[in-house]
Amino acid sequence: MFEKYNDMPAAVSLGIFLLGALFYDVQTIFMTESWLAAREFPVETVPVARVMGVAFLGLTIGLLLTFVEGPDGQKIFFVSALVAQIGTVLTLWHSHLIANLPNLLPDAVIVSVLLAFLTYGYVRLKHRL
């Protein structure tokens, strides 16, 4: 699966990001109520969380397809994935620090680490995109 990348560190980094993204997809689509309850969000936010999860699932499937087809020519996809991930990180940190939602700290840290993996993989593959 990683051989299409011809760059093992980038492929492993993006593979770790893919696993994290799949984990969050499952949480936000199939375990929405318990995921939100653990963060003390009202039940009314379930549809918004599911929409977010399904949208992120689209990016996750796009990344999975780059493992199958190779990353060549996928610059627009990787840039859009980076923008979405950066926006997610900024929103989580803002919610934790400014909006004073302390239950989001674990998510902010995990998503920040996932952003680091995605950025590392992108930088390593940038010349091929």
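Going by the structure above, here's the rest.
Throughout this document, residue positions are counted from 1 along each chain, in the order its sequence is written. Confidence filtering applies because this is a predicted model: local features only for residues at pLDDT of at least 70, side-chain atom pairs given and counted only at 80 or more, and all residues used for totals across whole chains, interfaces and linings. In computing side-chain values, all of the structure's heavy atoms are included and hydrogens and water are not.

J.: Is there a simple way to explain the overall build of the chain in this structure?
T.: Scanning the chain from terminus to terminus reveals five helices and zero strands. Start at the N end of the chain and walk to the C end: the helices and strands fall as α-α-α-α-α. Between the two quantities, the radius of gyration covers C-alpha atoms and the globule rule is 2.2 Å times the number of residues to the power 0.38. Since a compact globule built from 129 residues should have a radius of gyration of about 14 Å, the 15 Å found for the chain is in line with a globular shape. Split into buried and exposed, the 129 residues of the chain put 40% on the buried side. Each accessible area is a Shrake-Rupley estimate made with a 1.4 Å probe; only the visible protein chains count as cover when residues are assessed. If you sum the accessible surface of the chain, you get close to 7300 Å²; carbon and sulfur atoms cover 74% of it. This count recognises Lys and Arg as positive and Asp and Glu as negative, with His and chain-terminal groups excluded. Think of each charge as sitting on NZ of Lys, CZ of Arg, CG of Asp or CD of Glu. Charge centroids of the chain, computed over 7 positive and 9 negative side chains, lie 10 Å from each other. In this text, helices come from DSSP runs of H or I with a minimum length of four residues, and strands from runs of E with a minimum of two, each type numbered from the N-terminal end. Only protein chains enter the accessibility calculation, which uses a 1.4 Å probe; a residue is then buried when its area is under 20% of its type maximum, exposed when over 50%, and partly exposed in between.

J.: For this particular structure, what's the right way to read the nonpolar core?
T.: What tends to happen in soluble globular proteins is that the nonpolar side chains get buried as a cluster. In this description, a nonpolar core means a group of buried Ala, Val, Leu, Ile, Met, Phe, Trp, Tyr and Cys residues linked to one another through side-chain atoms lying within 4.5 Å. Core analysis: the biggest nonpolar cluster contains 29 residues, and Y5, L14, F17, L63, F67 and F78 have the highest contact counts within it. Mapped by element, the contributors of at least two residues to this core are α1 (8-30), α2 (32-38), α3 (46-69), α4 (75-97) and α5 (105-125). Contacts are assigned to residue pairs with any non-hydrogen atoms lying within 4.5 Å of each other. Ignoring sequence-local partners within four residues, the contact set of F78 consists of Y5, L14, L63, T66, P71, Y122, L125 and L129.

J.: Quick question: what am I supposed to make of the environment of A81 here?
T.: Along the chain, A81 falls in helix α4. Along the chain, A81 and G121 lie 40 residues apart, while their C-alpha atoms are 12 Å from each other. Here A81 is in contact with L59 and L118, once residues within four sequence places are set aside.

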